[in-house]
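Given next are the chains, with one letter for each unit.
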Amino acid sequence: MSIKELNCLNRNFFTKAMTDYEGFYAYNPHKGAAIAFVVLFGILILSALVQIIMATHTSKRRIHRWENNELSEENSTIIYFPARGLMWTHFPFVLGICLEFVGYVLKIVFINSPSISTFIAQSVLLLIAPSLYALSIFMLFSKMARLILMEAYMLIPAKFSTVSFVVADMIGRVLQAVGGGLLSSWNSRNTGRILIIVGLFIQIFCYTFLTFSQLFLHYKMKATPSKIVRDSNEWFQYNFILLAGILLVNGRTIVRVVQFLMGLQSYIGQHEWCLYVFDTVLMFLLPLIFLATFRARNLFKLQDKSVNIQLNKLLDKESVSED
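Describing the packing of aromatic side chains
In step 1: As enumerated under the stated definition, the model contains 13 aromatic pairs in all.
In step 2: Between Phe294 and Phe300 the ring centres are 6.5 Å apart and the planes differ by 65 degrees, which places this aromatic pair in the edge-to-face class.
In step 3: Judged by relative accessible area, Phe294 falls into the buried class, the value being 7%.
In step 4: The exposure class of Phe300 is buried, given its relative accessible area of 3%.
In step 5: Each member of the aromatic cluster is reached from another via a ring pair, and the members are Phe37, Phe41, Tyr104, Tyr276 and Phe284.
In step 6: For the cation-ring pair, Lys143 lies above Phe81, with the distance from its terminal atom to the ring centre recorded as 5.1 Å.
In step 7: Looking at Lys222, its charged tip hangs above the ring of Phe236, at a distance of 4.9 Å from the centre.

Have a look at this one:
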């Protein structure tokens, strides 16, 4: 079979799929599943906003108390972050949930009334939403390392790694967004697929590096713990939560790479259940784990513990010097 005949066969396959399903999918999209995840992600958005806003308000009051009563000029070495700064660190996480929510709303709209613009929008949103989860995880990890006074054990110092991670992640995100837009046109489908694959590989590298950074810091927390880490095992538990999150994102990204490497006519691309199980469910479980454990393990509370230990350590030094 010649290349021309093969291209003609592929074109006929997609023309038939579009005729059968009135869309750009190689399967009949399930409206009920999309509605279910709209409801579920909507619940997560409300839960995230309520918990983060409440934690920010409580943290503001505690920081105000420290600054007025306990953080004198002599205690200027105390390391902590403003409550608003911690709140904005969670912003990409909440935005990621919102993009998943809007993505499935647009999928429902597309099923009811197929259009190129709706297909592009929902494809792009669902492709890039997980990278926003990862961005929050990275920033939370960097801040945690600083609060336990073990930033030196990060594989790359936070001031360099943050910029590097954000830039690399942004490049991967832009490539996926452009590629997702090109998927709507037959003539540019292959180009769009290649751009998405390149963007996904860039993100896999970033997420794998972050995973090794978390594991290395965890090892150092065990081997040479700071006083803050020795006083509580909550830091280990929080690092496990962050690690679980980045593993879920990376797992989903690897599945997406396999999907696009196999081609648009692959088994994954032709069966919607694969995308729900290996993408949507994983991206629902990640915020669910974070929010289910948020009340007991969040960076606002852990910062309080860190500051109290730092203050006690300084007070001990002062009492020893007075003696």
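Looking at the environment of Leu302
In step 1: The residue Leu302 is located in helix α12 (residues 299-322) in this model.
In step 2: On the basis of relative accessibility, which here comes to 2%, the residue Leu302 falls in the buried class.
In step 3: As for Leu302 and Tyr238, which are separated by 64 residues in sequence, their C-alpha atoms are 8.9 Å apart.
In step 4: The contacts of Leu302, once residues within four sequence positions are left out, are Glu234, Trp235 and Tyr238.

Quick look at the packing of helix α7 (residues 189-223) against helix α9 (residues 234-262)
In step 1: Relative orientation of the contacting elements α7 and α9 amounts to 160 degrees, with a least axis distance of 9 Å. Relative to α9, the element α7 is oriented roughly antiparallel. Judged by the sense of rotation from one axis to the other, the crossing of α7 with α9 is left-handed.
In step 2: Of the residues that constitute the contact of α7 with α9, the class distribution is 21 nonpolar, seven polar and four charged.

Rules and cut-offs
Residues numbered from 1 in each chain as written. Predicted model: local features only at pLDDT ≥ 70, side-chain atom pairs only at ≥ 80, totals over all residues. Heavy atoms only, no water. Phe/Tyr/Trp six-rings, centres within 6.5 Å; stacked < 30°, edge-to-face > 60°. Buried < 20%, exposed > 50% of the residue type's maximum accessible area, 1.4 Å probe, protein only. Lys NZ or Arg CZ within 6 Å of the ring centre and 35° of its normal. Helix = DSSP H or I, 4+ residues; strand = E, 2+ residues; numbered from the N terminus. Contact = heavy atoms within 4.5 Å. Axes fitted to C-alpha atoms, helices over the stretch in contact; angles between N-to-C directions. Parallel < 35°, antiparallel > 145°, perpendicular 65-115°, else oblique. Left-handed = near helix turned anticlockwise from the far one by under 90°. Nonpolar A, V, L, I, M, F, W, Y, C, P; charged D, E, K, R; others polar.

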